[in-house]
Amino acid sequence: MADLTGIDESLIALVLLALLFVAFALEKYPPDVTAAGAAGLFIVLGLVPTDEVMAVFSNSAPITIAAMFVVSGALVRTGVLDALANLVIGRAQSRPVLALGIFLLATIAASAFMNNTPVVLVLIPVVIRLAASLKIAPTRLLIPLSYAAILGGTCTLIGTSTNLLVDGIAQESGLEPFSIFEIAPVGIVVALVGASAMLLLGNTLLPDRGSREGSDRSTETTYLSEVTILSGYPYLGNALSEIADFRRSDIRVTGLRRAGRIERGALSDRVLRAGDALVITATTSELLTLAEQPGLRVGLRRSIELDAEAKPHVAEAIITPSRRSSGVRIADLALGRRAGVRVLGAFRSQHIAGADLSSVRLRPADKLLLEGTPEGFRELARRGDVVSVTEPGGRAYRRAQAPIAVLTLVGIVVLAALGVMPIGVLALVGVAAILVLRCIDNDEAWQSIDASILVLIFSMLIVGAGLEATGAVEMLVSMLSPWLNGLPPHVTLLAVYLLGSLLTETVTNNAVAVILTPIVISLAEQLGVDPRPFVVAVMFAASASFATPIGYQTNTLVYGAGNYLFRDFLKVGIPMNLIVGVTAVLTISVAFPM
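Every value quoted in this text rests on a predicted model; they were computed, and no experiment measured them. (Residues numbered from 1 in each chain as written. Predicted model: local features only at pLDDT ≥ 70, side-chain atom pairs only at ≥ 80, totals over all residues. Heavy atoms only, no water.)

Caption draft 1: Main features of the overall build of the protein. Helix and strand counts for the protein come out as 23 helices and nine strands. Split into buried and exposed, the 594 residues of the protein put 52% on the buried side. Of all intrachain contacts in the protein linking residues separated by at least 6 positions in sequence, the fraction that spans at least 24 positions is 81%. A total accessible area of about 25400 Å² is found for the protein, and carbon and sulfur atoms account for 61% of it. (Helix = DSSP H or I, 4+ residues; strand = E, 2+ residues; numbered from the N terminus. Buried < 20%, exposed > 50% of the residue type's maximum accessible area, 1.4 Å probe, protein only. Contact = heavy atoms within 4.5 Å. Areas by Shrake-Rupley, 256 points an atom, 1.4 Å probe, with all protein chains shown as cover.)

As structure tokens, then:
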């Protein structure tokens, strides 16, 4: 540890904080790297005690976020988010403005009764797909999603942990406890004004920039394939339009082969018979889901039957420019006889590879979706027919487990709202449930956790602990207190809100709540007015953080999911802070007379 004896540690902490924000704005490094570097400096310089550093990792918030990442991953794998996205997108295509308005209001309502961080976690992929459907950049919708969740969290006492923390500190100072809906009149007005301001400001201030590569599930490959209807299929005799298996948004039926002829017209009215083969295009996930349906065979009609006990694997492979494969029809490759591998689908960049799967004449760089044994894949690679045999970009949906995933999420929310257990504990129990009940595989569950976001949050908690330990935040407040004492009560209330809002953009909101609450109660007593409106102002100021991607966890989440720059939050967030702040102070003055 560096020896800083004789040097004011609070000043050093504030200088480091200023440098941290400069580094965030310059964006020379990813935000998680920048934050980790700042946390390292605070530790090395001895600005945060080592026991407090380790205590940061016992904070329940990042653990809860990690668990909710897994729950969100289960909602994806069971098709729940896909169904929700299709519902929203279907409404948006006919009446986009109304659909977006309802979507944001639903986000506000959900965030009023559950932690707004998992709300945003669950809805990020839906918003990205919605943006793609409306042909707009995800950056136009992701910041509004975070802001809506923040505004919703201010509507009830349980909407955010900050409200509960402020209430607890106020009770320790002798105030009566707040009821769950006591702040609702202020929160509803602030939410409505804030949402309206967001819609007006968004048209001019939100960036129009594509999302980072890989942030959208639509990056899955869409393969040409065919599905043979077997005698055991439960929907034999039904019209194609009545069968849910083939009415998914990522599946398109382009033909029906019957008696050696491919029919292309009026397919939705065709009644399926055993032996029919549907020519389709589908994403990897949907294709693998169909492959697991009883009574369906995905891939070439004359494909080999793989031994179920051998646990066949699925892989993607790129065709090499070899004489054996280039220009050859897939049906003539005889991959089953040569390597024990089945072809499930074929993909060619820019256009569909052929009229049906068996007639595709392979070209170099075509991609095949294959099913077989690892030995078979190695044999293909050894012969030089394919390269880059990799795991597929998608997995089969587990729609039968969808009710379990939904009940898990609802159980976490309801039991947390009732105070049965902390939400972090409930989220961990929920993760155990969805893993044991096979809503998601364990490897995919861990892959669904965004480690960079967790590093950013833990690092900023360390920085916040350092600012508290050195007295940097208290020094700022003490410098401003003499100026606040001489102001009229309503002006003092506005100043308290602005101070809390400013501090929340630089340190964790809970740290601001802990430090400011007892100070504003003392300040109100000195002014001879009811401290309750000042406490409510701290609640709103510590929660309503719009101007930086690190001021609030939901901002951090969308910062990582969208292709945002640090200054994007400043452009739209500073006006939002001012509009929401003035609205909150005026409404608090009416709802909580001084």
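Additional details are given in the paragraphs that follow.
Caption draft 2: The arrangement of the side chain of T34 in detail. Along the polypeptide, T34 turns up in helix α2 (residues 31-44). Relative accessible area serves as the criterion here: at 12%, T34 is assigned to the buried category.

Caption draft 3: Expanded view of helix α14 (residues 402-417). Spanning 16 residues, α14 covers 23 Å between terminal C-alpha atoms, matching the ideal 22 Å at 1.5 Å per step. Of the residues making up α14, those classed as buried are A402, A405, T408, L409, I412 and V413. Within α14, the buried residues cover an arc of 140° as seen down the axis, which keeps them to one side. Positive backbone phi, approximately 75°, marks G419, located one or two places after α14. (Expected span 1.5 Å × (residues − 1). Arc of directions from axis to C-beta.)

Caption draft 4: Geometry of the side chain of E505. Looking at the secondary structure, you find E505 in the loop between α19 (489-504) and α20 (509-527). For E505, which is buried and forms no salt bridge, the nearest opposite charge comes from R567, at a distance of 16 Å. Only 3.0 Å separates the side chain of E505 from the side chain of T548, close enough to count as a polar contact. When near neighbours in sequence (up to four residues on either side) are disregarded, E505 contacts F21, S545, F546, A547, T548, I550, G551 and N577. (Lys, Arg positive; Asp, Glu negative; His and termini not counted. Salt bridge = Lys/Arg side-chain N within 4 Å of Asp/Glu carboxyl O. Polar contact = N/O pair within 3.5 Å; in protein donor to acceptor, adjacent residues only side chain to side chain.)

Caption draft 5: Seen up close, a nonpolar patch on the surface. A surface patch of nonpolar side chains, about 720 Å² in accessible area, is lined by V406, V410, V414, L415, L418, V420, M421, V425 and V429. Where the nonpolar patch is concerned, the elements lending two or more residues are α14 and α15 (423-436). With four residues, the single largest contributor to the nonpolar patch is α14. By secondary structure assignment, the location of L415 is in helix α14. Classification of L415 by relative accessible area gives partly exposed; the value is 34%. (Patch = residues over 30% accessible without salt bridge, like charges linked within 9 Å, V, L, I, M, F, W, Y side chains within 5 Å.)

Caption draft 6: Spotlight on the packing of aromatic side chains. By the definition in use, this model includes six aromatic pairs. Measuring from ring centre to ring centre gives 4.8 Å for Y147 and F546, while their planes differ by 80°; the resulting arrangement is edge-to-face. Of the two residues, Y147 sits in helix α8 (residues 142-153) while F546 sits in the loop between α21 (532-543) and α22 (553-561), which places them 399 residues apart along the sequence. On the accessibility criterion, Y147 (0% relative accessible area) is buried. Ring pairs connect the aromatic residues Y559, Y564 and F569, which therefore count as one cluster. In this arrangement the basic side chain of R532 is found over the ring face of F178, its NZ or CZ atom lying 4.0 Å from the centre. (Phe/Tyr/Trp six-rings, centres within 6.5 Å; stacked < 30°, edge-to-face > 60°. Lys NZ or Arg CZ within 6 Å of the ring centre and 35° of its normal.)

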